[in-house]
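# Residue-level structural notes
Next come the chains, spelled out residue by residue.
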Amino acid sequence: MREIVLQTRHLTKNYRNFTALSSVDMTVYREDIYGLIGRNGAGKTTLMKVVTGLTEPTSGEYSVFGKTGAPAGEEKKRIGCLIENPAFFGNLTAYQNLRYYCYQKGIIDLKQIEEALELVGLSDVKDKKFRKFSLGMKQRLGIAFAVLDNPDLIILDEPINGRAA
């Protein structure tokens, strides 16, 4: 039986008089790749914010790695995410920014920084200041952040923003 890593049931999110999510049911299995497709304002980002804990649902529920509610909080540490714009310090280099987040996340093995930068093709600019990065480079650094601690579930919101066609 395949492991369910994320499941939503009747997940709804309202902002005042606007419904951003309306009774969403979905199941995500380990090792599968999913893409959310929809127009601007369809609720894709809102769904990602809810399941990563950045906002609370109005109603419905979701489970992460089989845990729902408060117990899911500990399981959320197993999620790597990049939602909307990556937040980095402009005066720090790519390496320094990821090192800062290693300390925040309690990551001791700093070799993971090199591995993440290699994965996204930024090893050669690891000492470049973030403020001098192109939009595509900023997105790739955001992806490096999302995979920094080898998460079991990765959620990326518009991961190819800023990439040349």
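Since we're looking at a predicted model, the values are computed, not measured.

### With respect to the overall build of the protein
Each helix and strand counted, the protein has 5 helices and 6 strands in total. Over its C-alpha trace the protein gives a radius of gyration of 17 Å, about what one expects of a compact globule, namely 15 Å for 165 residues. Here the C-alpha coordinates of the protein stretch approximately 45 × 35 × 30 Å along the principal axes. Considering the protein as a whole, with its 165 residues, one finds that 39% of them fall into the buried category. For the protein, long-range pairs separated by at least 24 residues make up 62% of all intrachain contacts whose partners lie at least 6 apart in sequence. When the accessible surface of the protein is summed, it comes to about 9900 Å², and 50% of that surface belongs to carbon and sulfur atoms. Computing the positive centroid from 23 side-chain charges and the negative centroid from 19, the protein places the two 7 Å apart.

### Description of the nonpolar core
Proteins that are soluble and globular tend to have nonpolar side chains buried together. One finds Leu98, Leu117, Leu122, Phe133, Leu141 and Leu148 to be the most contacted residues of the largest nonpolar core, which totals 24 residues. Elements with a minimum of two residues in this core: helix H3 (94–105), helix H4 (111–119) and helix H5 (135–147). The leading source of residues in this core is H5, at 7 residues. The residues touching Leu98, leaving out its near neighbours within four places in the chain, are Phe88, Ile113, Leu117, Leu141, Ala144, Phe145 and Leu148. Val5, Val64, Phe65 and Leu153 belong to the second largest nonpolar core, which has 18 residues in total.

### A word on the packing of aromatic side chains
Going through the model one piece at a time under the given rule, you end up with 7 aromatic pairs. Measuring from ring centre to ring centre gives 5.1 Å for Tyr100 and Tyr101, while their planes differ by 80°; the resulting arrangement is edge-to-face. With 5.9 Å between their ring centres and 50° between their planes, Phe130 and Phe133 make a pair best called tilted. Here the two residues Phe130 and Phe133 agree in accessibility, since each one is buried. Each member of the aromatic cluster is reached from another via a ring pair, and the members are Phe88, Phe89, Tyr100, Tyr101, Phe130, Phe133 and Phe145. Sitting over the face of the ring of Phe65, Arg78 holds its NZ or CZ atom 3.7 Å from the ring centroid. In this structure, Lys105 is placed above the aromatic ring of Phe145, and the distance from its NZ or CZ to the ring centre is 4.5 Å.

### Quick notes on the environment of Ile79
Summarising the element assignment, Ile79 is placed in strand E5 (residues 79–82). Each C-alpha atom of the pair Ile79 and Phe65 lies 10.0 Å from the other, and the pair is 14 residues apart in sequence. The residues touching Ile79, leaving out its near neighbours within four places in the chain, are Val51, Thr52, Val64, Phe65, Pro151, Leu153 and Ile155.

### Digging into the packing of H3 against H4
H4 packs onto H3 with a crossing angle of 130° between their chain directions and a minimal axis gap of 10 Å. Between H3 and H4, the angle falls in the class oblique. Two packed elements cross with a definite hand, and for H3 against H4 that hand is right-handed. Together, Ala94, Tyr95, Leu98, Arg99 and Cys102 of H3 and Ile113, Glu114 and Leu117 of H4 make up the contact between the two elements. Of the residues assigned to the contact of H3 with H4, the class counts are 6 nonpolar, no polar and 2 charged.

Basis of the calculations
Residues numbered from 1 in each chain as written. Predicted model: local features only at pLDDT ≥ 70, side-chain atom pairs only at ≥ 80, totals over all residues. Heavy atoms only, no water. Helix = DSSP H or I, 4+ residues; strand = E, 2+ residues; numbered from the N terminus. Rg over C-alpha atoms; globule rule 2.2 N^0.38 Å. Buried < 20%, exposed > 50% of the residue type's maximum accessible area, 1.4 Å probe, protein only. Contact = heavy atoms within 4.5 Å. Areas by Shrake-Rupley, 256 points an atom, 1.4 Å probe, with all protein chains shown as cover. Lys, Arg positive; Asp, Glu negative; His and termini not counted. Charge placed at Lys NZ, Arg CZ, Asp CG, Glu CD. Core = buried A, V, L, I, M, F, W, Y, C linked by side-chain atoms within 4.5 Å. Phe/Tyr/Trp six-rings, centres within 6.5 Å; stacked < 30°, edge-to-face > 60°. Lys NZ or Arg CZ within 6 Å of the ring centre and 35° of its normal. Axes fitted to C-alpha atoms, helices over the stretch in contact; angles between N-to-C directions. Parallel < 35°, antiparallel > 145°, perpendicular 65-115°, else oblique. Left-handed = near helix turned anticlockwise from the far one by under 90°. Nonpolar A, V, L, I, M, F, W, Y, C, P; charged D, E, K, R; others polar.

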